[in-house]
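Each chain is listed here by its residues.
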Amino acid sequence: MGNWTFTPGSSGLGAGLNATLQHEGRKIELSYTSSIFEDFLHAMSTIHSEFDRRSAPSATPSGMCPDERAGMASRV
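Residues numbered from 1 in each chain as written. Predicted model: local features only at pLDDT ≥ 70, side-chain atom pairs only at ≥ 80, totals over all residues. Heavy atoms only, no water.

Colleague: Would you mind going over the packing of aromatic side chains in detail, with residue names and values included?
Modeller: Any two aromatic rings considered together are summarised by their centre-to-centre distance and by the angle between their planes. Tallied over the full model, the rule gives 2 aromatic pairs. Within the aromatic cluster, the residues linked to one another by ring pairs are Phe6, Phe37 and Phe40. (Phe/Tyr/Trp six-rings, centres within 6.5 Å; stacked < 30°, edge-to-face > 60°.)

Put into structure tokens, the structure is as follows:
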């Protein structure tokens, strides 16, 4: 997430702590959206991994030059 740091909430015994976002000494508590944000980050990570997997050099269809593949990737 760039310069922001996400810290998941605590679901242990006792009072649970909410997830937080931290940046340059500022801390934002995600009291209502922590589980939604965790789901979002998981989905984005999955999309990023799949994009990396599909755009790996070995995934280039035969007969296409690398320039054509790069042009296709930019339209994703």
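Now, onward.
Colleague: Can you explain the pattern of salt bridges? Please cite residues and give values.
Modeller: The tally for this structure, following the rule as stated, stands at 2 salt bridges. For arginine 54, the salt bridge identified is with glutamate 50, shortest N-O distance 2.7 Å. Of the two residues, arginine 54 and glutamate 50 both sit in helix α1 (residues 34-54), 4 residues apart, roughly one turn of that helix. Overall, the relative accessible area of 30% leaves glutamate 50 in the partly exposed class. Linked by salt bridges that have partners in common, Glu50, Arg53 and Arg54 make up one network. (Salt bridge = Lys/Arg side-chain N within 4 Å of Asp/Glu carboxyl O. Helix = DSSP H or I, 4+ residues; strand = E, 2+ residues; numbered from the N terminus. Buried < 20%, exposed > 50% of the residue type's maximum accessible area, 1.4 Å probe, protein only.)

Colleague: Kindly report on a nonpolar patch on the surface, identifying the contributing residues and their values.
Modeller: Side chains of Phe40, Met44 and Ile47 sit close together on the surface and give an oily, nonpolar patch of about 300 Å² of accessible area. Looking at the element boundaries, methionine 44 is found in helix α1. (Patch = residues over 30% accessible without salt bridge, like charges linked within 9 Å, V, L, I, M, F, W, Y side chains within 5 Å. Areas by Shrake-Rupley, 256 points an atom, 1.4 Å probe, with all protein chains shown as cover.)

Colleague: If you had to explain the sheet that holds strand β2 (residues 19-23) to someone new, which residues and values would you point to?
Modeller: Here we have 3 strands laid out as an open sheet, ordered β1-β2-β3, and antiparallel in their pairing. In this open sheet, the two strands that pair with only one neighbour each are β1 (5-7) and β3 (26-30). Each adjacent strand pair in this sheet contributes to an overall mean axis angle of 20 degrees, direction not counted. Of the pairings in the sheet, the one linking β2 to β3 comprises 5 bridges and is antiparallel in character. Within β3, the residue paired with histidine 23 across the bridge is arginine 26. (Pairing = 2+ DSSP bridges. Axes fitted to C-alpha atoms, helices over the stretch in contact; angles between N-to-C directions.)

Colleague: Describe the pairing of β2, naming the residues involved and giving the relevant values.
Modeller: Summarising burial for β2: 4 of the 5 residues are buried, a large majority. One ladder, built from 3 bridges, connects β1 with β2; its direction is antiparallel. Its bridge partner lying in β2, threonine 5 is registered against glutamine 22.

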